[in-house]
Amino acid sequence: ALCLLENRDSWHDATREAEHAIHLEPDSGFAHYARASVLVKRNQFEEASSSIQEALRLDPDQSHYHALHASILAQQSQWPAALDAASRGLSLDPEDTSCASLRALALERLGRKGDALQQADAAVSRNPDSGQAHAMRGWALLQKGDYQAAQISFREALRLEPTDEFARQGMIQALNSNNFLFRIVFKFY
């Protein structure tokens, strides 16, 4: 199921495989995690949330399960809950780049700019090859008002992961922030 996610045309097959894995082994946290991953790609966040919560109930000590849970919550703009999920994942594995990046994003969206930048810098230091970490750093810098540094972070994120839509959106905002009127509108929102 996870391999099939790489090809958008195979998402239906990925869903079928994940559900078949749950049928074969309903007490497997990994099977529920795989199903949640598939459902996230298909933008079915309510069902994905149920699946990842079942995975966490069965196997609560997997930091990457908490990272996926934080990601689902973030995509639903549930920032306090996303912060909690990412923090729980980091308590299990302080080196988990996904949890660190998602924690930085949640802090940034909750208005805690300094904490967000500190968390993002730490994630980039631990894993300089993570496009996600660089993208989160870019968003934190953007919120701080450092548009040039944000562009550098987004550029690096896109170099590492050229199809990352989150980094692409950040780069567009960072480039638009060179315009004074856009900066005022961005700060308002």
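This text goes with the structure placed above it.
Residues numbered from 1 in each chain as written. Predicted model: local features only at pLDDT ≥ 70, side-chain atom pairs only at ≥ 80, totals over all residues. Heavy atoms only, no water.

### Focus on the side chain of Ser63
Where we set the bar: Each helix is a run of DSSP H or I of at least 4 residues and each strand a run of E of at least 2, with the numbering of both proceeding from the N terminus. Partly exposed describes any residue whose relative accessible area lies between the buried limit of under 20% and the exposed limit of over 50%, with all areas from a 1.4 Å probe on protein chains only and scaled to the type maximum. The term polar contact refers here to a pair of N or O atoms within 3.5 Å; inside protein, the definition further demands a hydrogen-donor-capable atom paired with an acceptor-capable atom, and it admits residues adjacent in sequence only when both atoms are side-chain atoms. Here a residue-residue contact requires only that any non-hydrogen atoms of the pair lie within 4.5 Å.
Positionally, Ser63 belongs in helix α4 (residues 63–75). Take Ser63: its relative accessible area is 9%, and that puts it in the buried class. Among the polar contacts made by the side chain of Ser63, one reaches the side chain of Asp96 at a distance of 2.7 Å. Filtering out sequence-adjacent residues up to four positions away, Ser63 remains in contact with Gly89, Leu92, Asp93, Asp96 and Cys99.

### A word on the packing of helix α6 (residues 97–109) against helix α8 (residues 131–144)
Operational definition: To get an axis, fit a line to the C-alpha atoms, keeping to the stretch in contact for a helix; angles then go from 0 to 180 degrees between the N-to-C directions. Throughout this description, any angle smaller than 35 degrees is read as roughly parallel, any larger than 145 degrees as roughly antiparallel, any in the 65 to 115 degree range as roughly perpendicular, and the remainder as oblique. Working rule for handedness: look at the near helix, and if it is turned counterclockwise from the far one by less than a right angle, call the crossing left-handed; if clockwise, right-handed. By the convention adopted, Pro, Cys, Tyr, Trp, Phe, Met, Ile, Leu, Val and Ala count as nonpolar, Lys, Arg, Asp and Glu as charged, and the other residues, Gly among them, as polar.
One can describe the packing of α6 onto α8 by two numbers: an axis separation of 9 Å at closest approach and a directional angle of 15°. Put simply, α6 runs roughly parallel to α8. Like other packed secondary-structure pairs, α6 and α8 cross with a definite hand, here left-handed. From α6, Thr97, Ser98, Ser101, Leu102, Ala104, Leu105, Glu108 and Arg109 reach across to α8, where they touch Gln132, Ala133, Met136, Trp139, Ala140 and Gln143. The residue inventory of the contact of α6 with α8, partitioned by class, reads 7 nonpolar, 5 polar and 2 charged.

### Looking at α6
Rules: The span you would expect from a helix comes to 1.5 Å times its residue count less one.
Over its 13 residues, α6 runs 18 Å from end to end, which matches the ideal 18 Å to within 8%, given 1.5 Å per residue. Counting buried residues in α6 gives 10 out of 13 residues, a clear majority hidden from the surface. Every buried residue belonging to α6 is among Thr97, Cys99, Ala100, Ser101, Leu102, Ala104, Leu105, Ala106, Leu107 and Glu108, and all of these are buried. Elements in contact with the buried residues of α6: α4, α5 (79–92), α7 (113–126), α8 and α10 (165–176). The distance from a side-chain oxygen at the start of α6 to the backbone nitrogen of Ser98 is 3.0 Å, and the residue carrying that oxygen is Asp96. Immediately downstream of α6, the backbone of Gly111 shows phi near 85°, a positive value.

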